[in-house]
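# Structural description and commentary
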Amino acid sequence: MDISRRNLFKGIGALAAVGATASVGAKFLVHSSATKLARINAVLPKPLKFLPKPPVDPALQTPGLSPFFTPTKDFFRIDTAFIVPKVSLDTWKLEITGLVSNPISLTYEQLIARPTFELDDTISCVSNEVGGTLIGNARWQGIRLDDLIKEAAPHSNADQVMGYSVDDFSAGFPLAALDGRDAMIAIAMNGEVLPTKHGFPVRIIVPGLYGYVSAVKWLTKIELTRFDQKQGYWIDKGWSELAPIKLQSRIDTPLNRGELPTGTTAIAGVAWASLAGISKVEVRIDDQPWRSATIAPEIAKTTWRQWWIDWNPTKGNHRISVRAIDGNGVVQSESEVPIAPNGAEGWHTINVQVL
Ligand SMILES: Nc1nc2c(c(=O)[nH]1)N[C@H]1C(S)=C(S)[C@@H](COP(=O)(O)O)O[C@H]1N2
Ligand SMILES: [Mo]
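This write-up is about the structure you can find in this document. (Residues numbered from 1 in each chain as written. Chains lettered and ligands numbered in written order. Predicted model: local features only at pLDDT ≥ 70, side-chain atom pairs only at ≥ 80, totals over all residues. Heavy atoms only, no water.)

## Concerning the overall build of the protein chain
Applicable threshold: Each helix is a run of DSSP H or I of at least 4 residues and each strand a run of E of at least 2, with the numbering of both proceeding from the N terminus. Here the globule rule is a power law, 2.2 Å times the number of residues to the power 0.38, and the radius of gyration is based on C-alpha atoms. Relative accessibility thresholds used throughout: buried, under 20% of the residue-type maximum; exposed, over 50%; partly exposed, between the two (1.4 Å probe, protein chains only). The contact rule is simple, with two residues in contact once any of their heavy atoms fall within 4.5 Å. For every accessible area listed, the method is Shrake-Rupley and the probe measures 1.4 Å; residues are considered covered only by the protein chains on display. His residues and chain termini do not enter the charge count, which takes Lys and Arg as positive and Asp and Glu as negative. Each charge is placed at NZ for Lys, CZ for Arg, CG for Asp and CD for Glu.
On a plain count of helices and strands, the protein chain comes out with 5 helices and 19 strands. Against the globule reference of 20 Å for 355 residues, the protein chain gives a C-alpha radius of gyration of 21 Å, in line with a compact fold. Sorting the 355 residues of the protein chain into buried and exposed places 55% on the buried side. For the protein chain, restricting intrachain contacts to residue pairs at least 6 apart in sequence, the fraction spanning at least 24 positions comes to 75%. Entry remark: accessible area of the protein chain is about 15,700 Å², with carbon and sulfur atoms responsible for 54%. When the 36 positive and 35 negative side-chain charges of the protein chain are each reduced to one mean point, those points stand 3 Å apart.

Structure follows, in structure tokens:
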């Protein structure tokens, strides 16, 4: 079992996770070699809107700092399924149903024939502790979700968009969240056909929302519904219905409880805000005043930003904290709040020993 799974169980509870596998939609499941073939044969369409290549990654010069794009092999994974669903494109389809006047049903070919665009977006799990690693940034390619839903013509009483996976996981978010932000049905991640572990053939990505209310992998159905009638998988297990990603920052290097030699060293990490972007990152060493960190150029408001400062420490024990300020001037909150029911709060603080 990998670490992200263990964290999920610690955070959310293993009992709840067991239920999900019982009712796997068997008609979709195929032998894993067949999925591999389907993935290899799936050809990505050219996006209508390409994003430029980002500038040189500052992580190249700062050992220990997270790269801007999280390599897919290192990307965190959270799923309730014990076995990763293997989907056959022969039988798979995407349905948009529920409180709509014009239900839609699309094969993979029909879906990817629609215009696609690229989006740089940092996704996070609500179970990410302050300083935790259940977060990653990728370049996604997909089809605009708002366009598809508009085409389905939701009834005026619909207020929730609920995604369902082939393994019966579900996650719902407000229809009102489709407010022009670049929500998508993602078909690719970091330039590759969506990896099986991250939801092949397609998943939902909604900038600004935690995964458990939005980012359905192995997606097969979107239902327009009402919050007072349907709840996503995690909601009756104590997690909030509404879950925007919180303003946070993390120290990547030095490591907590690490030892380092004297001489100039970098303190560096990442900071992210739901949709507002990051305007400032500040670092405090021991009882000194807060210092402004250098922040990497803003690539998109939807992604994290890397930050760093140089530090020339004296020998002994030191305590380092970080806090971020978002694009609206909101300062990351100091009071510690646990992950349940809607995401951790507090400043990431580490202790290091300089020898
Ligand atoms: N089908 C399915 N989709 C899912 C989940 C799941 O358990 N099953 N977990 C969600 C949660 S809680 C998170 S945080 C994200 C994680 O996406 P990743 O595994 O690609 O990092 O997927 C979401 N989509
Ligand atoms: Mo999550």
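The structure having been displayed, the exposition proceeds.
## Observations concerning the environment of Trp239
Residue placement: Trp239 occurs in the loop between strand S10 (219-225) and strand S11 (248-253). The exposure class assigned to Trp239 is buried, which follows from its relative accessible area of 5%. C-alpha separation for the pair Trp239 and Val126, spaced 113 residues apart in sequence, amounts to 9.1 Å.

## Quick look at the nonpolar core
Quick reminder of the rule: We call a set of buried Ala, Val, Leu, Ile, Met, Phe, Trp, Tyr and Cys residues a nonpolar core when their side-chain atoms join them within 4.5 Å. As used throughout, domain bounds are those supplied by an automatic or database domain assignment.
Counting 59 residues, the largest nonpolar core has Leu111, Leu145, Phe173, Ile185, Tyr212, Ile222 and Leu224 as its most contacted members. Residue contributions to this core peak at 4 residues, all from helix H5 (residues 145-152). No fewer than three residues from each of domain 1 (5-237) and domain 2 (248-354) sit in this core. Each residue touching Ile185, except ones within four places of it in the same chain, is listed here: Leu94, Leu111, Gln141, Gly142, Ile143, Leu145, Leu148, Val202, Arg203, Leu219 and Ile222.

## Observations regarding the site of ligand 1
For clarity, the threshold we go by: Proximity is defined per residue: if any heavy atom of the residue lies within 4 Å of a molecule or strand, that residue is considered near it. Polar contact criterion, stated in full: a pair of N or O atoms within 3.5 Å, where within protein one must be able to donate a hydrogen and the other to accept it, and residues adjacent in sequence count only if both atoms are side-chain atoms. Each residue is assigned to one of three groups, with Ala, Val, Leu, Ile, Met, Phe, Trp, Tyr, Cys and Pro labelled nonpolar, Asp, Glu, Lys and Arg labelled charged, and all others, Gly among them, labelled polar.
Close to ligand 1 lie 19 residues, the nearest being Phe76, Thr80, His198, Arg203 and Lys217. In the environment of ligand 1, an oxygen atom lies 2.7 Å from a nitrogen or oxygen atom belonging to the backbone of Phe76. Between an oxygen atom of ligand 1 and a side-chain N or O atom of Arg203, the distance comes to 2.7 Å. Out of a free accessible area of 530 Å², ligand 1 has 99% covered by protein chains. Grouping the constituent residues of the shell around ligand 1 by class yields 10 nonpolar, 4 polar and 5 charged.

## Side note on the sheet that holds strand S12 (residues 259-260)
Stated precisely, the cut-off is as follows: When DSSP locates at least two bridges between a pair of strands, those strands are taken to pair.
With respect to topology, 5 strands assemble into an open sheet ordered S12-S19-S18-S14-S15, the strand pairing being mixed. Strands with a single pairing partner mark the edges of an open sheet, and in this sheet they are S12 and strand S15 (291-292).

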